[in-house]
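One-letter residues, chain by chain:
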Amino acid sequence: KSADGGGPSLVRMENSADGPFAWRPSVSTDGSPGIDDGISFKGDPLGDQDHDGLVDWVEFVLGTDQAPAWPVLTVEEKGDQLLIRHPKNLAAMGVQLGLEASVDLMEWSPAPDHEQVDRVYLENGMANEWLELPKTGQERYLRLQIRNVE
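Numbers given for residues are sequential positions, taken from 1 along each chain in its written order. At least 70 in pLDDT is required for a residue's local features to be given in this predicted model, at least 80 for side-chain atom pairs to be given and counted, and no such filter applies to totals for whole chains, interfaces and linings, which use all residues. As a convention, hydrogens and water are excluded, and side-chain values are obtained from all of the structure's heavy atoms.

Trainee: Please clarify how the pairing of strand 5 (residues 95–102) should be interpreted in this entry.
Mentor: On a regular strand, one side chain projects to one face of the sheet and the next to the other, so that they alternate. For two strands to count as paired, DSSP must find a minimum of two bridges between them. Here a helix means four or more residues in a row that DSSP labels H or I, a strand means two or more in a row labelled E, and each is numbered from the N terminus. In terms of strand pairing, strand 5 meets strand 9 (residues 141–148) through eight bridges, oriented antiparallel. Residue A101 lies in a different strand from strand 9, and its bridge partner there is L142. Here strand 5 folds back onto strand 6 (residues 109–110), and the loop between the two strands holds six residues, one of which, L105, carries a positive phi near 65°.

Written as structure tokens, this is what we have:
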């Protein structure tokens, strides 16, 4: 119901490429036309108030803020593709997420040929984002890179 007159308005996401995933619903239920309603992190970025092993800044970015720890990335096979899900706080300002791959856990680089294929909106500006990555036949490790871009 986003942007149809009965819910949130659409807000262009900071540091986004063009396309449908460059937009998100506003945080406010009745919308926020003409206003950037993004949220900046406040607190100790290296703190872990809930003692679950994820630092508070990462939990803020992923929208798992002070929730019980759960897998940040889930991966499932879909034909010749890997389908990867991660949570995201759509209103988190000054951050950029990227998927990285490694064959040895020592050297990491951006995962080649992946694309975002879906975003499932949850409550309060949170979402699950889905990426597709071709299988290569070679064992590799994946991680979500979170960068501060302010």
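Trainee: Help me out: how do you make sense of the sheet that holds strand 4 (residues 81–89) in this one?
Mentor: Two pairing modes exist for strands in a sheet, parallel and antiparallel, and in both the strands are linked by backbone hydrogen bonds. Here four strands make up an open sheet; going across it, the order is 3-4-8-7 and the pairing antiparallel. The open sheet has two edge strands with one neighbour each: strand 3 (74–78) and strand 7 (115–121). Strand-to-strand twist in this sheet, taken as the mean axis angle between neighbours without regard to direction, amounts to 25°. Summarising the sheet, strand 3 and strand 4 pair through five bridges and their orientation is antiparallel. Within the sheet, the bridge partner assigned to E77 lies in strand 4 and is L82. Fitted lines through C-alpha atoms give the axes, limited to the stretch in contact for helices. The angle between two N-to-C directions lies from 0 to 180 degrees.

Trainee: What am I meant to see in the nonpolar core here?
Mentor: Side chains of nonpolar character tend, in soluble globular proteins, to be buried together. Here, nonpolar core refers to any group of buried Ala, Val, Leu, Ile, Met, Phe, Trp, Tyr and Cys residues whose side-chain atoms link them within 4.5 Å. Accessibility here uses a 1.4 Å probe with only protein chains present; expressed as a share of the type maximum, an area under 20% marks a residue as buried, one over 50% as exposed, and anything in between as partly exposed. Counting nine residues, the largest nonpolar core consists of W57, V58, F60, V61, L62, A92, V95, L144 and I146. Those elements that place two or more of their residues in this core are helix 1 (56–62) and strand 9. At five residues, the largest contribution of residues to this core is made by helix 1. Ignoring anything within four residues of it in the chain, the contact list for L62 reads V72, P87, K88, N89, L97, L144 and I146. With seven residues, the next largest nonpolar core counts A101, A111, L131 and L133 among its residues. Residue contacts are defined here by distance: any two heavy atoms, one from each residue, within 4.5 Å place the two residues in contact.

Trainee: How should I be thinking about the environment of L99 in this particular structure?
Mentor: Structurally, L99 can be placed in strand 5. When the C-alpha atoms of L99 and R143 are compared, they prove to be 6.0 Å apart, with 44 residues separating the residues in sequence. Sequence-distant contacts of L99, that is, excluding residues within four places in its chain, are made with L73, I84, S109, P110, A111, H114, L131, L133, L142 and R143.

Trainee: Looking at this structure, how should I read the packing of aromatic side chains?
Mentor: Two aromatic rings are characterised by how far apart their centres lie and by the angle between their planes. Between 30 and 60 degrees the pair is tilted, below 30 it is stacked and above 60 it is edge-to-face, where a pair is any two Phe, Tyr or Trp rings, Trp via its six-membered ring, whose centres lie within 6.5 Å. Applying the stated rule across the entire model yields one aromatic pair. A centroid spacing of 5.5 Å and a plane angle of 55° characterise the contact between F41 and F60, whose relative ring orientation is tilted. Highlighted residues: F41 in the loop between strand 2 (23–25) and helix 1 and F60 in helix 1, separated in sequence by 19 residues.

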